[in-house]
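# Descriptive analysis of the structure
Each chain is listed here by its residues.
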Amino acid sequence: EVFLFTTVERELPETLKPVNPVELEQAFTLFSQASAELTNAYQELQQQVGRLTAELAVANGELRRQLQEKEALSQRLGLLLEALPAGVLVLDGDGCVAETNPAARLMLGLSLLGEAWADVAQRCLRPTTTPHEWALVPVDAATASDRRVSLVISSLDAAGRSIVLLHDVTEAHRMQQQLERHQRLSAMGEMAAGLAHQLRTPLATALLYTANLVKPNLAESDRMRFAEKSL
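Reading the values: rules and limits
Along each chain, residue indices are assigned from 1 in the same order as the chain's sequence is written. In keeping with the predicted nature of the model, local features appear solely for residues at pLDDT of at least 70, side-chain atom pairs appear and are counted solely at 80 or more, and the whole-chain, interface and lining totals rest on all residues. Based on all heavy atoms of the structure, the side-chain values leave hydrogens and waters out of the count. Only DSSP runs of H or I with at least four residues qualify as helices, and only runs of E with at least two residues qualify as strands; both kinds are numbered from the N terminus onward. Between buried and exposed lies partly exposed: a residue is buried under 20% and exposed over 50% of the maximum accessible area for its type, with that area taken using a 1.4 Å probe on protein chains only. Here a residue-residue contact requires only that any non-hydrogen atoms of the pair lie within 4.5 Å. The protein chains shown are the only cover counted for residues, whose accessible areas, like all others here, come from Shrake-Rupley with a 1.4 Å probe. In protein, a polar contact requires one atom able to donate a hydrogen and another able to accept it; more generally it is a pair of N or O atoms within 3.5 Å, and residues adjacent in sequence count only if both atoms are side-chain atoms. We define a salt bridge as a contact between a side-chain nitrogen of Lys or Arg and a carboxyl oxygen of Asp or Glu at a distance within 4 Å. A helix is expected to span 1.5 Å multiplied by its residue count minus one. When the centres of two rings from Phe, Tyr and Trp lie within 6.5 Å, Trp using its six-membered ring, the rings pair. Their planes under 30 degrees apart give stacked, over 60 give edge-to-face, and anything left gives tilted. What makes two strands pair is DSSP finding at least two bridges between them. Comment: axis = line fitted to C-alpha atoms, over the contacting stretch for helices; angle = value between 0 and 180 degrees taken between N-to-C directions. What pLDDT conveys is the predictor's confidence in a given residue, as a value from 0 to 100. Relative orientations are named as follows: roughly parallel for angles under 35 degrees, roughly antiparallel for angles over 145 degrees, roughly perpendicular for angles from 65 to 115 degrees, and oblique for any other angle. We call a crossing left-handed when the near helix sits turned anticlockwise from the far one by less than a right angle, and right-handed when that turn is clockwise.

Our focus in this paragraph is the overall build of the protein. Each helix and strand in the protein was counted, giving six helices and six strands. When its helices and strands are written in sequence order, the protein yields α-α-β-β-α-α-β-β-β-β-α-α. Across the 231 residues that make up the protein, the buried fraction comes to 17%. Expressed as a percentage of contacts within the protein between residues at least 6 apart in sequence, the contacts between residues at least 24 apart total 26%. For the protein, the accessible area works out to roughly 17,700 Å², and carbon and sulfur atoms hold 62% of it.

In structure tokens, the structure reads:
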């Protein structure tokens, strides 16, 4: 029987030969190990994905919080710029007006965006004898022509942008003029008082000599002396 089976086995095609159980068991063992390793790797990948998802959610929450804080800060800064009595202009890297606040538009006019700051300054500002102070050219006929502003230009960032601050110093300039006028009047008063003091002494002396002239028993020589003294 063994001889016949071996003979038949040799005559069968290669694809129909019986499989060796040991090899089959080894193959299934290797397949099971590979499946287990793949399962473990998949589970580890799922755990990593879960951790990364949690970390990403935390990072997204932090980014959203920071974004909300920046938006709130931007809104507060915007409201502050809108309420500032000083004029604020933001210039881009080319020196053109990129942003303005209402005070700046009220001082310099509405059509400022995109204009070169040099052109705006030449049109709206006139130099004065006071350093860092400029006379403001009226925007229209209804605007007072004696307004003065102080001007400060500061660098804003590394991109070449800058910020222009315009402070209305008209009232301070008017008070300074009044102070100088009062000082001049005070000096004139002191000078007048000094002149009055210088005139009072010789006049009093002349009056004293003149009073002696009316004495009836005054000798003629004394009368002539008092008259000369009075003169």
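In this section: the environment of Asn212. Among the secondary structure elements, Asn212 is positioned in helix H5 (residues 170–213). Residues Asn212 and Phe226 lie 14 residues apart in sequence; the distance between their C-alpha atoms is 7.1 Å. When residues no more than four places from it in sequence are discounted, the contact partners of Asn212 are Leu218 and Phe226.

This part is about the side chain of Thr100. Looking at the secondary structure, you find Thr100 in strand E2 (residues 97–100). Overall, Thr100 belongs to the buried group, its relative accessible area being 17%. Here the side chain of Thr100 touches Arg105 through a polar contact of 3.0 Å, side chain to side chain.

It is possible for side chains of opposite charge to pair when their charged atoms get near one another. Enumeration according to the criterion identifies nine salt bridges in this entry. The partner of Arg123 in a salt bridge is Glu115, and the shortest N-O contact between them spans 3.0 Å. Residue Arg123 is classed as partly exposed on the basis of its relative accessible area of 38%. Salt bridges linked by common partners bring Glu62, Arg65 and Glu69 together as one network.

Our focus in this paragraph is H5. Each turn of an α-helix holds 3.6 residues, which means side chains three or four residues apart point in the same direction. Taking 1.5 Å per residue as the helical rise, H5 with its 44 residues ought to reach 64 Å, and the 64 Å between its terminal C-alpha atoms agrees with that figure. If you check which residues of H5 are buried, you get Thr170, His173, Ala206 and Asn212. Summarising the contacts, the buried residues of H5 are in contact with strand E4 (133–136), strand E5 (148–155), strand E6 (162–168) and helix H6 (220–230).

This paragraph deals with the packing of aromatic side chains. Counting across every chain of the model gives one aromatic pair. An angle of 25° between the planes, with centres 5.9 Å apart, marks the rings of Tyr209 and Phe226 as stacked. In this pair, Tyr209 is assigned in helix H5 and Phe226 in helix H6, connecting sequence segments 17 residues apart.

What follows deals with the sheet that holds strand E3 (residues 125–127). With respect to topology, six strands assemble into an open sheet ordered E2-E1-E6-E5-E4-E3, the strand pairing being antiparallel. Of all strands in the sheet, those bounded by a partner on one side alone are E2 and E3. Sheet twist, expressed as the average angle between the axes of neighbouring strands with direction ignored, equals 35°. Relative to E2, strand E1 (residues 87–91) runs antiparallel, the two being bridged by three bridges. Bridged to Leu91 within E2 is Val97. Along the sheet, helix H4 (residues 117–124) contacts E1, E3, E4, E5 and E6; its crossing angle with E3, the most-contacted strand, is approximately 70°.

On to the confidence of the model for the protein, then. Of the residues in the protein, 88% reach a pLDDT of 70 or more, and the chain-wide mean stands at 82. Residue range residues 1–9 is modelled with pLDDT below 50. Its contacts to residues more than four positions away, or to other chains, number two contacts.

Attention shifts here to the packing of H5 against H6. Running from N to C, H5 and H6 point in directions that differ by 155°, and their axes come no closer than 8 Å. The orientation of H5 relative to H6 falls into the category roughly antiparallel. The way H5 lies across H6 gives a crossing that is left-handed. For the pair H5 and H6, the contacting residues are Ala206, Tyr209, Thr210, Asn212 and Leu213 in the first and Arg223, Phe226, Ala227, Lys229 and Ser230 in the second.

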